[in-house]
2 protein chains.
Amino acid sequence: MRPTTRQAIQRFWQTANARDWEPFAALLHPEVIYLVPQTRERVRGRAGFVDLFRTWPGQWRADLQQLIADDDQAVSTILFHVDGEESTGISFFEFDTGLISRITDHWPTPYDPPPRVTTHIERY
Amino acid sequence: MRPTTRQAIQRFWQTANARDWEPFAALLHPEVIYLVPQTRERVRGRAGFVDLFRTWPGQWRADLQQLIADDDQAVSTILFHVDGEESTGISFFEFDTGLISRITDHWPTPYDPPPRVTTHIERY
């Protein structure tokens, strides 16, 4: 039975963390496109995308924080831990015939707040 | 009739762009929390959150690019145009009794790609 989009993304991160590349690859469309708009980087095709993950250096682990899914799209936020550092990753997934066909990744980093007009903002 | 989470977020951006603050405020929980993790900024309460939008400087417009919604959460990506500049905003929305009770905003900005191990990455 075809997994729901929600189940597919849970499995995506589970198999990635387990370095279990065969079931990981089985979630992907053969012509999957991976995009990082911030760096304008792209990977085309299942083999290349699996290689990106398979060769990622360091002892990394992705902790799934949040998952929102509808019938043919999903988004996850992860806390990505590698070598004592952590960063937040936001991944948008699109599906085609039940397989992940497009992944768009965002890595927001801290910045100093600009001047604000409202007086209702506080820091935490 | 209570709008779906999807309808609520469509209406959120429509009323914001129209500066139509009464129906905008009606979508919000009285104790809504707004968070920007990158700057560690927070706004608490409906009046303060409406003020943040109402006082935002410049001729701005938020173009809704993508919307994913389930029963009690949603995420939108917008292209935020202000004074000839544009940036991508990713907003996570949580709901309580049909009202937006928590908004977490991310503003990813361009950065230079780090060295990559895989040979499958190209620039676009």
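Whatever comes next refers back to the structure up there.
Draft legend 1. Just the overall build of chain A, in detail. The helix and strand inventory of chain A stands at three helices and seven strands. Traced from its N-terminal end to its C-terminal end, chain A shows the element sequence α-α-β-β-α-β-β-β-β-β. Along the longest, intermediate and shortest principal axes, the C-alpha atoms of chain A span 55 × 35 × 25 Å. For chain A, the proportion of its 124 residues judged to be buried stands at 48%. Across chain A, the fraction of contacts at a sequence separation of at least 24, relative to all contacts at a separation of at least 6, is 44%.

Draft legend 2. Examining the sheet that holds strand S6 (residues 99-106) of chain A more closely. Reading across from one edge, S3(A)-S4(A)-S5(A)-S6(A)-S1(A)-S2(A)-S7(B) is the order of the seven strands in this open sheet, with mixed pairing throughout. Sheet topology places strand S3 (60-69) of chain A together with strand S7 (121-123) of chain B at the edges, where each strand pairs with a single neighbour. Pairs of neighbouring strands in the sheet enclose a mean axial angle of 25°, with direction left out of account. Strands strand S1 (28-36), S3, strand S4 (73-82), strand S5 (85-96) and S6 of chain A of the sheet are contacted by helix H1 (residues 5-17) of chain A, whose axis makes an angle of about 175° with S3 of chain A. Docked against the sheet, helix H3 (residues 46-54) of chain A engages S1, strand S2 (41-44), S3 and S6 of chain A together with S7 of chain B, running at close to 55° with respect to S1 of chain A.

Draft legend 3. Examining the sheet that holds strand S5 (residues 85-96) of chain B more closely. Pairing in this open sheet of seven strands is mixed, and the strands run S7(A)-S2(B)-S1(B)-S6(B)-S5(B)-S4(B)-S3(B) from one edge to the other. Every interior strand has two partners, whereas the edge strands, strand S7 (122-123) of chain A together with strand S3 (60-69) of chain B, have only one. Both strand S4 (residues 73-82) of chain B and S5 of chain B contribute to a ladder of ten bridges, which runs antiparallel. Bridge pairing in S5 of chain B links Ala-74 of chain B to Phe-93 of chain B. Sitting on the sheet, helix H1 (residues 5-17) of chain B is in contact with strand S1 (28-36), S3, S4, S5 and strand S6 (99-106) of chain B, with an inclination near 175° to S3 of chain B.

Draft legend 4. Spotlight on the relation of the copies chain B and chain A. With an RMSD of 0.0 Å, chain B superimposes on chain A once it is rotated by 180° and translated 0.0 Å along the axis. Overall, the copies show the geometry of a two-fold rotation axis. Relative to the rotation axis, the C-alpha of Pro-108 of chain B is the closest in chain B, positioned 2.1 Å from it. A shared interface surface links the copies, since 100% of the contact residues of chain B are contact residues in chain A too.

Draft legend 5. Inspection of the packing of aromatic side chains at higher detail. Taken as a whole, this structure holds 32 aromatic pairs over all chains when the rule is applied. Judged by centre distance (6.1 Å) and plane angle (80°), the ring pair of Phe-53 of chain A and Trp-60 of chain A falls under edge-to-face. By the burial criterion, Phe-53 of chain A is buried, and Trp-60 of chain A matches it. Between the aromatic rings of Phe-12 of chain B and Phe-53 of chain B, the centroid separation amounts to 5.6 Å while the plane-to-plane angle is 80°, which identifies the pairing as edge-to-face. Taken together, the residues Phe-12 of chain B in helix H1 and Phe-53 of chain B in helix H3 (residues 46-54) connect sequence positions 41 residues apart. Per residue, the accessibility class of Phe-12 of chain B equals that of Phe-53 of chain B, and both read buried. An aromatic cluster is defined as three or more aromatic residues linked by ring pairs; in this entry it consists of Phe-12, Trp-13, Trp-21, Phe-24, Tyr-34, Phe-49, Phe-53, Trp-56, Trp-60, Phe-80, Phe-93 and Trp-107 of chain A. Above the face of the Trp-60 of chain A ring, Arg-19 of chain A is positioned so that its terminal group lies 3.5 Å from the ring centre.

Draft legend 6. Looking closely at unusual backbone geometry. All names here are of chain B. Phi is positive for Arg-40, close to 55°, though the residue is something other than glycine. Considering the arrangement of structural elements, one finds Arg-40 in the loop between S1 and strand S2 (41-44). A relative accessible area of 43% means that Arg-40 is categorised as partly exposed. At Asp-83, a position not held by glycine, the phi torsion is positive, near 50°. Relative to the helices and strands, Asp-83 resides in the loop between S4 and S5. Judged by relative accessible area, which is 59%, Asp-83 ranks as exposed.

Reading the values: the criteria
- Residues numbered from 1 in each chain as written.
- Chains lettered and ligands numbered in written order.
- Predicted model: local features only at pLDDT ≥ 70, side-chain atom pairs only at ≥ 80, totals over all residues.
- Heavy atoms only, no water.
- Helix = DSSP H or I, 4+ residues; strand = E, 2+ residues; numbered from the N terminus.
- Buried < 20%, exposed > 50% of the residue type's maximum accessible area, 1.4 Å probe, protein only.
- Contact = heavy atoms within 4.5 Å.
- Pairing = 2+ DSSP bridges.
- Axes fitted to C-alpha atoms, helices over the stretch in contact; angles between N-to-C directions.
- Least-squares fit on C-alpha atoms with pLDDT ≥ 70 in both.
- Phe/Tyr/Trp six-rings, centres within 6.5 Å; stacked < 30°, edge-to-face > 60°.
- Lys NZ or Arg CZ within 6 Å of the ring centre and 35° of its normal.

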